Amino acid sequence: MSAVRVACIGAGPGGLMLALLLRRLGGHEVDVFERSPAGATYGFGVVFSRLSLARLRRAAPDVVAALLDRGARWDDVEVRRDGERIRSSGHGFAAVERRALLTALHELAEQAGARLHFGTEADASELLSRYDVVVAADGSGSRTRAAYADRFGATVVPAGGRYAWFGVDRAFDAMTFLFADSAYGPVGAHVYPYGPDRSTFLVELGERTWERAGFIEGHTRPPGWTDGRAMEFCAEVFADDLRGARLLGNGSRWLTFPHLSSSAWSTGRLVGLGDAVHTAHFSVGSGTTMALEDAVELARRLADHGEGDDLGATLAAYEAVRRPIVESVQQAAWASLRMWSHPEEHRALDPATLMLRLLTRTGQSAASVLLQLDPQLAKIGDGVTALPESPVPALVASGAPAAAPDDALVLAPGEPVPTGHEGPLLVAVGDGDDAFTVAGERLRALRAERPGAETGLLVRAPEPTEEAVARTVGSVAGLAAAAPFDLVALAPGEQWPAVDRTARSALAERLTATGARVAYVCRPGELSLGWTHVRSGRADAVWTTEAAWPADAAGPARAAGPAEVAGSSGAVGSADAAGSAQAAGTVEVAGSSGAVGSADAAGSAKAVGSARAARSADVAGPAEATGPVRAAGPARATGPASAAGIVRG
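Being a predicted model, the structure only gives us computed values, none of them experimental. (Residues numbered from 1 in each chain as written. Predicted model: local features only at pLDDT ≥ 70, side-chain atom pairs only at ≥ 80, totals over all residues. Heavy atoms only, no water.)

## Some points on the overall build of the chain
Selection rule: Helical segments are the DSSP runs of H or I of at least four residues, strand segments are the runs of E of at least two, and each set is numbered from the N terminus. Between buried and exposed lies partly exposed: a residue is buried under 20% and exposed over 50% of the maximum accessible area for its type, with that area taken using a 1.4 Å probe on protein chains only. The contact criterion used throughout is that any non-hydrogen atoms of two residues lie within 4.5 Å.
The helix and strand tally for the chain stands at 18 helices and 29 strands. Buried residues in the chain amount to 60% of all 649 residues. Taking all contacts inside the chain whose residues are at least 6 apart in sequence as the whole, residues at least 24 apart take part in 73%.

## Notes on the packing of aromatic side chains
To be explicit about the condition: For Phe, Tyr and Trp, where Trp contributes only its six-membered ring, two rings pair if their centres lie within 6.5 Å, and the inter-plane angle classes them as stacked under 30 degrees, edge-to-face over 60, or tilted in between. Remark: a charge is flagged as sitting over a ring if the NZ atom of Lys or the CZ atom of Arg is within 6 Å of the ring centre and within 35 degrees of the ring normal.
According to the stated counting rule, one finds 14 aromatic pairs in the structure shown. One aromatic cluster in this structure is built from Tyr163, Trp165, Phe257 and Phe282. Across from the ring centre of Phe172, 4.1 Å away, lies the NZ or CZ of Arg170, which sits over that ring. We note Arg221 situated over the ring of Trp225; from NZ or CZ to the ring centre the distance is 4.9 Å.

## Some words on helix H4 (residues 98-112)
Along an α-helix, residues three or four positions apart point the same way, because every turn accommodates 3.6 residues. Inclusion rule: Here the expected span of a helix is defined as 1.5 Å times the quantity of residues minus one.
With 15 residues, H4 extends 21 Å between its outermost C-alpha atoms, agreeing within 8% with the 21 Å of an ideal straight helix rising 1.5 Å per residue. Every buried residue of H4 is accounted for by Ala100, Leu101, Leu102, Ala104, Leu105, His106, Leu108 and Ala109. Next to the buried residues of H4 lie helix H1 (13-26), strand S3 (45-49), helix H3 (61-70), strand S7 (93-97), strand S8 (115-118) and helix H11 (287-304). Two residues or fewer after H4 comes Gly113, characterised by a positive phi angle close to 110°.

## Looking at the pairing of strand S21 (residues 425-428)
Rules: Note: two strands are recorded as paired if DSSP finds a minimum of 2 bridges between them.
Alternating positions in S21 separate into two faces, Leu425 and Val427 on one and Leu426 and Ala428 on the other, with burial throughout. As judged from the two bridges shared by strand S20 (residues 408-410) and S21, these two strands associate in the parallel manner. Each residue of the ladder has a partner; that of Leu409, found in S21, is Leu425. Where S21 meets strand S22 (residues 455-460), four bridges bridge the pair, whose relative direction is parallel. Residue pairing across strands places Ala428 opposite Leu458, the latter belonging to S22.

## Re the sheet that holds strand S4 (residues 72-74)
Stated precisely, the cut-off is as follows: A fitted line through C-alpha atoms serves as each axis, taken over the contacting stretch for helices, and the angle formed by two N-to-C directions is quoted from 0 to 180°.
Within the open sheet, the three strands sit side by side as S3-S7-S4. Their pairing is antiparallel. Because the sheet does not close on itself, it has two edges, and the strands there are S3 and S4. Going across the sheet, the axis of each strand differs from the next one's by a mean of 20°, ignoring polarity. Of the strand pairs in this sheet, S4 and S7 are connected by three bridges, and their pairing is antiparallel. Of the residues in S7, the one forming a bridge with Arg73 is Ala94. Helix H2 (residues 50-59) rests against S3 and S7 of the sheet, and its axis sits at about 90° to S3.

## Some details on the side chain of Thr545
The line we're drawing: Two N or O atoms count as a polar contact when they lie within 3.5 Å, although within protein this holds only if one can serve as hydrogen donor and the other as acceptor, and sequence-adjacent residues are included solely when both atoms are side-chain atoms.
Assignment of secondary structure puts Thr545 in the loop between strand S25 (541-544) and strand S26 (564-566). One polar contact links the side chain of Thr545 to the main-chain carbonyl oxygen of Leu395, over a distance of 3.0 Å. With sequence-adjacent residues up to four places away left out, Thr545 is seen in contact with Leu395, Pro492, Val521, Cys522, Arg523 and Pro524.

## Overview of the sheet that holds strand S9 (residues 133-136)
Here six strands make up an open sheet; going across it, the order is S8-S2-S1-S9-S18-S17 and the pairing mixed. In this open sheet, the two edge strands, each paired with only one partner strand, are S8 and strand S17 (266-267). The sheet contact formed by S17 and strand S18 (residues 270-272) spans two bridges and is antiparallel. Its bridge partner lying in S18, Ser266 is registered against Val271.

## Here we look at the packing of H2 against H3
To keep things clear, this is the line we draw: Convention used here: angles under 35 degrees read as roughly parallel, angles over 145 as roughly antiparallel, angles from 65 to 115 as roughly perpendicular, and any remaining angle as oblique. Only Asp, Glu, Lys and Arg are considered charged in this grouping, and only Ala, Val, Leu, Ile, Met, Phe, Trp, Tyr, Cys and Pro are considered nonpolar; every other residue, Gly among them, is considered polar.
In the contact formed by H2 and H3, the axes pass within 5 Å of each other and the chain directions differ by 135°. What the angle tells us is that H2 and H3 run oblique. Contacts from Leu53, Leu56, Arg57 and Ala59 of H2 reach H3 at Pro61, Val64, Leu67 and Leu68. The residue makeup of the contact of H2 with H3, split by class, is seven nonpolar, no polar and one charged.

## Details of the environment of Val203
Assignment of secondary structure puts Val203 in strand S14 (residues 198-205). Taking relative accessible area as the criterion, Val203 reaches 0% and is therefore assigned buried. Through-space distance from the C-alpha of Val203 to that of Phe238 is 10.0 Å; in sequence the pair is 35 residues apart. Those residues in contact with Val203, other than ones at most four positions away along the chain, are Arg162, Tyr163, Ala164, Phe166, Val187, Gly188, Ala189, Cys234, Phe238 and Trp254.

## Observations regarding the pattern of salt bridges
Rules: Salt bridges are identified by distance alone: a Lys or Arg side-chain nitrogen within 4 Å of an Asp or Glu carboxyl oxygen.
Across all of its chains, the model carries 40 salt bridges by this definition. Between Asp76 and Arg87 there is a salt bridge, with the nearest N and O atoms lying 3.0 Å from each other. Of the two residues, Asp76 sits in the loop between S4 and strand S5 (77-81) while Arg87 sits in strand S6 (residues 84-88), which places them 11 residues apart along the sequence. Overall, the relative accessible area of 16% leaves Asp76 in the buried class. In this structure, Arg130 and Glu126 form a salt bridge, with 2.7 Å as the shortest nitrogen-oxygen distance. Here the salt bridges do not stand alone but share partners, grouping Asp76, Glu78, Arg80, Arg85, Arg87, Asp173 and Asp241 into one network.

## A few points about the confidence of the model for the chain
Under the convention used in this document: Across the chain, each position has a pLDDT score giving the predictor's confidence in that residue, from 0 to 100.
Averaged over all residues, the pLDDT of the chain equals 83, while 83% of them reach at least 70. This model gives residues 551-649 a pLDDT under 50, and the stretch forms 364 contacts once residues within four places in sequence are excluded.

## A word on helix H16 (residues 466-482)
As a reminder of what qualifies: By construction, the arc corresponds to the directions joining the helix axis to the C-beta atoms.
Between its terminal C-alpha atoms H16 stretches 24 Å, which fits the 24 Å expected from 17 residues at 1.5 Å a residue. Those residues of H16 not exposed but buried are Ala468, Val469, Thr472, Val473, Val476, Leu479 and Ala480. On an axial view of H16, the arc spanned by its buried residues comes to 135°, and they lie on one face. In this structure, the buried residues of H16 make contact with helix H12 (311-341), helix H15 (435-449), S22, strand S23 (487-491) and helix H17 (497-513).

## Regarding the packing of H2 against H11
Quick note on the threshold: Each helix crossing is assigned a hand: it is left-handed if the near helix lies turned anticlockwise from the far helix by less than a right angle, otherwise right-handed if that turn is clockwise.
Between H2 and H11, the least distance of the axes is 11 Å, while the angle of their chain directions is 30°. As summarised for this structure, H2 and H11 are arranged roughly parallel, according to the angle between their axes. When you trace H2 past H11, the crossing you get is left-handed. Judged by residue contacts, Ser52, Arg55, Leu56 and Ala59 of H2 engage Thr289, Leu292, Glu293 and Val296 from H11.

## Considering the environment of Ala498
Of note, Ala498 is situated in helix H17. Relative accessible area serves as the criterion here: at 3%, Ala498 is assigned to the buried category. Considered as a pair, Ala498 and Thr362 are 136 residues apart in the sequence and their alpha carbons are 9.5 Å apart.

Here you go:
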């Protein structure tokens, strides 16, 4: 190991943690440059789950001790809607005021010998002439990244909906999710304590609600400006929950969240960290947690860098380990964001079902996991169950030797319906621009051949983006208008298992919201996950299959997917690895909004190259489901699908 001269641009949590660790790990020369004065910051509390604290404790136990000494801790999660409250225990969180966290890191970094320069502008190109490594830790609006835009290849996509970040002068006693109605539309809030008399109060609006209200675009106002009308609006909507407590502003206004990803995290001797090169929506992926964990890995790599070693390879190794973990959190964050940007999809849910929908919103967590976290969930309402009480139908290819008369049957192109088959008959959507047109022709032929049969469409989920899901939903609705059918089955696809589960969960929500009857198809080992989607109102039925389905649905393409695993968080997923590319470490899913639980990457092997994480972030937390349980098998439709959407039976 040889001493490395490092300049860090930005004194946020990630930059300060990096400086602290580099000094401790080898006495490296470290200067941190921050254009704002010391102590200047926006926001209120920063939340951590117990798993993220455990990882940080291994790297810097005194940082975690300072956080716990200055912050708040709690175990419960609560959902409130229409005057009703649902609560679960056993989850474990801590939060601290952002300013207190920065103060603690500032003090520890200076004690370790790092030089901190506040109120100082820094230019990466100039610093590169004086330092071995320059680190861009200057946040999502990084000037450094902008100056090297062609090297980092960053893309920024504004998220749907708006949010405003407030504080409140009362400590709520749980991670609390509030859902309310306003004159302009539904409103949601995430609330959690970070001190003895303070909580973060983060409010979210769907885009249509924000537009109807005519609020001011927060990005057009100067830093530090608080939208007084927004604060009054939120105080009125949540007056019953505030119980006389006051909302507090600190640059609080309606903003859109920037989803940022970069094709490269380093160029030459310049490397990015935290929000400067990636962001994840705060409802799952905590920017602070990811920045701190980036800092831990980058410090370790630089500390191990020896004289004569290739610095580019050292920085690439840092990215190779962190990128798959970050990408998995980003995918989970996209699914979680939909809960807030599409409130109309869950407005009709009762509070208990809403709890289950909320806490499984990334599509990864199963009821079996939730019951491990809180066994008392089995006694709430109708009781959360890990599995359906009776066997569920299978999805099989026509001609499969084990096909039962009531199985859901996928017919190959031109294949006649087997004599005596009574279960649903499905047509798979293949690849190509005319895939839905071809499927529609086959469905019309099926209707003519078997007019009384239950027919359906077999769809594989697209990539996990809002645009791709919307296109698929639009295509299904268009086909329903032209060639009516009874249900849509969502089968496992050929994407990475965690990516596929997230995308299918989101697609199920959107299709169900249009009035479609949806069957969620899963591997036998993931039946609890599929059942959870039924209980959370995403799907009407769960089926199992032993194979992934090719585009032409001529038969199963391969054996069932990888075995189910449960990480130390209890999150259920597939232990997947492509060649030597495996995910390392633990992916935390406790966002600053208070998403519950965590997800561990499969195995402990380190990521290699640009491999994606073997599993995406899960939100494992409490779940309830009261009210009638939906059928485990495919219900018979009362009629064909209409142009407005597929009729629910």
